[in-house]
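A structural walkthrough
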Amino acid sequence: TGNYDCDDPLVSALPQASFSSSSELSSSHGPGFARLNRRDGAGGWSPLVSNKYQWLQIDLGERMEVTAVATQGGYGSSNWVTSYLLMFSDSGWNWKQYRQEDSIWGFSGNANADSVVYYRLQPSIKARFLRFLPLEWNPKGRIGMRIEVFGCAYRSEVVDLDGKSSLLYRFDQKSLSPIKDIISLKFKTMQSDGILLHREGPNGDHITLQLRRGRLFLLINSGEAKLPTTSTLVNLTLGSLLDDQHWHSVLIQRLGKQVNFTVDEHRHHFHAQGEFNFVNLDYEGNVSFSCSQPQSMPVTFLSSRSYLALPDFSGEEEVSATFQFRTWNKAGLLLFSELQLVSGSILLFLSDGKLKLNLYQPGKLPSDITAGVGLNDGQWHSVSLSAKKNHLSVAVDGQLASAAPPLGPEQIYSDGTYYFGGCPDKSFGSKCKSPLGGFQGCMRLISIGGRVVDLISVQQGSLGNFSDLQIDSCGISDTTWTIIQHNGSDLTRVRNTNPENPYAGFFEYVASMEQLQATINRAEHCEQEFTYYCKKSRLVNKQDGTPLSWWVGRTNETQTYWGGSSPDLQKCTCGLEGNCIDSQYYCNCDADRNEWTNDTGLLSYKEHLPVTKIVITDTGRLHSEAAYKLGPLLCRGDRSFWNSASFDTEASYLHFPTFHGELSADVSFFFKTTASSGVFLENLGITDFIRIELRSPTVVTFSFDVGNGPFEISVQSPTHFNDNQWHHVRIERNMKEASLQVDQLTRKTQPAPADGHVLLQLNSQLFVGGTATRQRGFLGCIRSLQLNGMTLDLEERAQVTPEVQPGCRGHCSSYGKLCRNGGKCRERPIGFFCDCTFSAYTGPFCSNEISAYFGSGSSVIYNFQENYLLSKNSSSHAASFHGDMKLSREMIKFSFRTTRTPSLLLFVSSFYKEYLSVIIAKNGSLQIRYKLNRYQEPDVVNFDVKNMADGQLHHVVIHREEGVVFIEIDNNTRRQVHLSSGTEFSAVKSLVLGRILEHSDVDQETALAGAQGFTGCLSAVQLSHVAPLKAALHPSHPDPVTVTGHVTESSCVAQPGTDATSRERTHLFADHSGTIDDKEPLANAIKSDSAVIGGLIAVVIFILLCITAIAVRIYQQKRLYKRSEAKRSENVDSAEAVLKSELNIQKAVSENQKEYFF
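Reading guide: rules and limits
Residues numbered from 1 in each chain as written. Predicted model: local features only at pLDDT ≥ 70, side-chain atom pairs only at ≥ 80, totals over all residues. Heavy atoms only, no water. UniProt positions renumbered as here; feature names shortened; annotations may be inferred. Buried < 20%, exposed > 50% of the residue type's maximum accessible area, 1.4 Å probe, protein only. Helix = DSSP H or I, 4+ residues; strand = E, 2+ residues; numbered from the N terminus. Pairing = 2+ DSSP bridges. Core = buried A, V, L, I, M, F, W, Y, C linked by side-chain atoms within 4.5 Å. Contact = heavy atoms within 4.5 Å. Phe/Tyr/Trp six-rings, centres within 6.5 Å; stacked < 30°, edge-to-face > 60°. Axes fitted to C-alpha atoms, helices over the stretch in contact; angles between N-to-C directions.

In the nomenclature of an unreviewed UniProt entry, the protein corresponds to Contactin-associated protein-like 4 from the organism Theropithecus gelada. One UniProt comment on the protein, placed under Subcellular location (unreviewed entry), says "Membrane". UniProt, in its Sequence similarities (unreviewed entry) section for the protein, records the words "Belongs to the neurexin family."

Below is the structure:
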């Protein structure tokens, strides 16, 4: 693309057919009326129902570069969106979510109907289709949007390669190697492996850019040695999940030996060993110059509560399903189907990264098939399940697993429903079971009985039922890791060692120690997985505590802590979790048992990584043996991205050594300020200099002199730079030209002066945030300052510099609106977080509601008086509810779903017989009853328009200011009433959800509902700053909460069969913050319903059953052992396969003991 203005409005001239949406409230609220500042129709787009499944879509006609978006609400209405997501696509399917700064993914919307909220997109979007997804909207109105998109036509040449073709280009070998080399390209693919680029130089040096398992590898050989060594061969990895059929950008830059490798804004900087050229690459190959658009419609299971229920429309006498999945999680349910006639069920689930198929039939032992390994690697894996005419089989990635034992003469019939990814709430009556929790990840190409499932029909509510899904997008977190391999990734077995004859294993990495140290220091987090298998091999001598095995890191110090522990604890993972096989020890291996066990975990203390050596000394006794396996060094995040400093006065500055940019200078940074001017950076020479400054609130200037007087380049913005928001600056200067770019504004360039000298000659210190004269200094924050690819540590220098503070406050001024539902934005030295303490929600942005299913007779009681007594010596907020205090106002919010009448939803009591009750009366009407004077009858507000016990999700807001109460039901029914019973709550005592357990002096309707309690689902309950469900289900400290009866965390989604528009999604993009370990075998589901006829008969039957069970298990174990022996003979060269087979045998024996002999 050339240097041209790229901020033209793109939407205003589009035809009506370019707009589409999930639904529309009426013909005058259609998507075609969603143009910014237009008043035709009803003045904007509004969907039929305001919920989190709605979207507004724009077809730009061709691929465009989008640099900014702007939104408004519906003209002259109470309809506007307060936060939204932005998705993009080249094809109109397989959408990708736009993220700002790699982690910020939401946009704050409007606060009224007509003001325009404008966002610059950094980086810009290159796409044809855009989709706006409302997350939240004005609670007193509905969703309403008018939008504009700014940008320009995107000009690029494309080539389509089929895996067998290539594009070859040769340069003139006599051409001079340039001072600075740059390779840049963009690619998209659905294939996880392939070579994108290979360049060969005249001296044997070469560069290869290769996609492996969705990650991008850069391999560089400097050509200095005839055979590659660790010093001449560099192997770097960036990115993950890059096979998602979306465009990804790659940039490789070389300046001398300094190389930057960047993928989608993630940069890896390293110093290459030796000299090499970026090769001079003719034109061959049968390729097409347009991009194919293969259709793929994935679905994302966003949380452990997600599920997709689909009918069996095959009508065949079989259970048959195929699909593909990808995930990072080790465990989770993939598919459940109940069987008819044989009265059993089929479970297909992940356990420890393996696929397990379990057939359960009452009265029979469960049949298990295990297939695949390491399936939680983020790659797409295909699964095919078939159960027909007493034959059961499963295939993973085309490999057919061992068939299960014959099922008997019965035909297999599905009960008519397939549950993918998880199970509905138990209140729905489903028999679906998920022993290891729900699946979190993506699925695609789902078919049942040979028929492909139409996910659009699912999304529109005409097929199946679902909860907490995102359809037509794979939204799993694609954490970008830098992966550095070594020579010890295979399993190594160790025997015959003792303290006098120790074993030492060394690990050599594909990067030098200098490169490793630079990578680790720059990363936010690094880790290595260390697995230590042992059989009669201890880590510590239990007599004197001396270590028997240890490892060494880059500090050359002996380390005796193991995976999962920190250096000071000297434990293993099981010791931290309290589940070691022998509770006397902090590591499994120290139990010194004559059976295989292991201590496995992640080493993550950066200062000690990477592991360079392991020493083992305790494998000299009979049957004693150890084995170990070390994973690659994994690093993620960029500490430099938030590395920042705050400048408090115009005279303050940081100084660094002279900037050496004689031939080429590349400087970039972020700034934020409220000042109208100031110098960001200055470096002087005798006559030469460079300076970057904020010249005025709307102008950034780059000044320089290379021997013939100063030159200036300025970028002017239509909006102010001193808006206390982050802005990005980048300057480049070489022998040909100089350039300046600010945010996504047009890049300005200046040719190099013809009569100037070549070298930029500087000799003073580099001043950051000020000048040598201590005048015109910068007031505000600078972060992520990079000079020729090297990051300056502003925080370290600021710690020893007066009037300059390390870190940068004020991230909340930029990103605070992302904290929702009462969450408070809190500053961090590097970034910010949302504090959800006083919110009824949880999650990174306080957007995940906490919901609970209440069984019959259950209750949750929050005692304010006890809370005060517990915290009266602190500044706790609970003091405002002290018995002597009077409450003149409160805000109450909650959602509910039930089919029972009468029901008590919420009850607030006082010590003076005053109360508030929210009930559903016997006729199904919703009633709010305030009694603020013990001597008067309560004020009653009755909503009897419809039956509120209809099984649908309803939202209630009650806001009282003294004697005036504002009530809103389901975001549309509103009423304001004046109370006659009083204006203050005296001595608030407790809040009750569900059944009232103690006797209360209340009116008859409240008493009736209180005795009945509540059966159903309550969600996001909040009384001012108190969230009782959160206190009960997610306690962060001792709270005065009492839970009685069956109260379990659950999603308040709609029941199967209800209208799709009433379904509620808990949150849009869930955190993938953990996995479920398969620590125990699947629980034996066999239950006996036989009655005890007589003592003697029972004993005889029990003995016979035990003998039979033991015989069956011994037979199974023998068969397992034979199968393992067969595998062993096939894999004699794989130590890991042998060890795993031994571990499997041992596990089978230990399961026998657990199930039959304890």
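Overview of the pairing of strand 3 (residues 56-72)
The side chains of a regular strand alternate between the sheet's two faces. Burial of strand 3 is extensive: 15 of the 17 residues sit out of reach of the surface. When strand 2 (residues 19-21) meets strand 3, the two strands line up antiparallel, connected through 3 bridges. Looking at the pairing, S21 lines up with L56 of strand 3. In the sheet, strand 3 pairs with strand 7 (residues 117-137) via 11 bridges, with the strands oriented antiparallel. Opposite I58, over in strand 7, you have L130 as the bridge partner. Pairing analysis gives 8 bridges linking strand 3 to strand 8 (residues 146-153), with the strands arranged antiparallel. The residue bridging E65 from the neighbouring strand is C152, located in strand 8.

Let's talk about the nonpolar core
Membership of the largest hydrophobic core comes to 44 residues, with the highest contact counts inside it found for F894, F896, L906, L926 and I928. Contacts of L926, omitting those with residues within four sequence positions, involve F896, L905, V918, I919, I920, V941, N942, F943, M948, V956 and I969. L335, I369, V396 and I471 belong to the second-largest nonpolar core, a separate cluster that totals 41 residues.

A look at the packing of aromatic side chains
Counted by the stated rule, this structure contains 29 aromatic pairs. Seen from their ring centres, F301 and F439 are 5.6 Å apart, and the 70 degrees between their planes marks the pair as edge-to-face. One end of the pair, F301, is in strand 17 (residues 299-301); the other, F439, is in the loop between strand 27 (413-420) and strand 28 (441-448), with 138 residues separating them in the sequence. Side by side, F301 and F439 carry an identical accessibility label, which is buried. Look at Y653 and F767: their rings are 5.0 Å apart centre to centre, the planes differ by 70 degrees, and that puts the pair in the edge-to-face class. Remark: F767 occurs in strand 52 (residues 766-768) and Y653 occurs in the loop between strand 42 (644-647) and strand 43 (654-656); sequence separation between them is 114 residues. Exposure class is identical for Y653 and F767. Each is buried.

Things to note about the sheet that holds strand 45 (residues 678-684)
Taken in spatial order, the 6 strands make up an open sheet running 43-52-45-46-47-48, and their pairing is antiparallel. Since the sheet does not close on itself, it has two edges, and those belong to strand 43 and strand 48 (711-716), each with one partner. Strand-to-strand twist in this sheet, taken as the mean axis angle between neighbours without regard to direction, amounts to 15 degrees.

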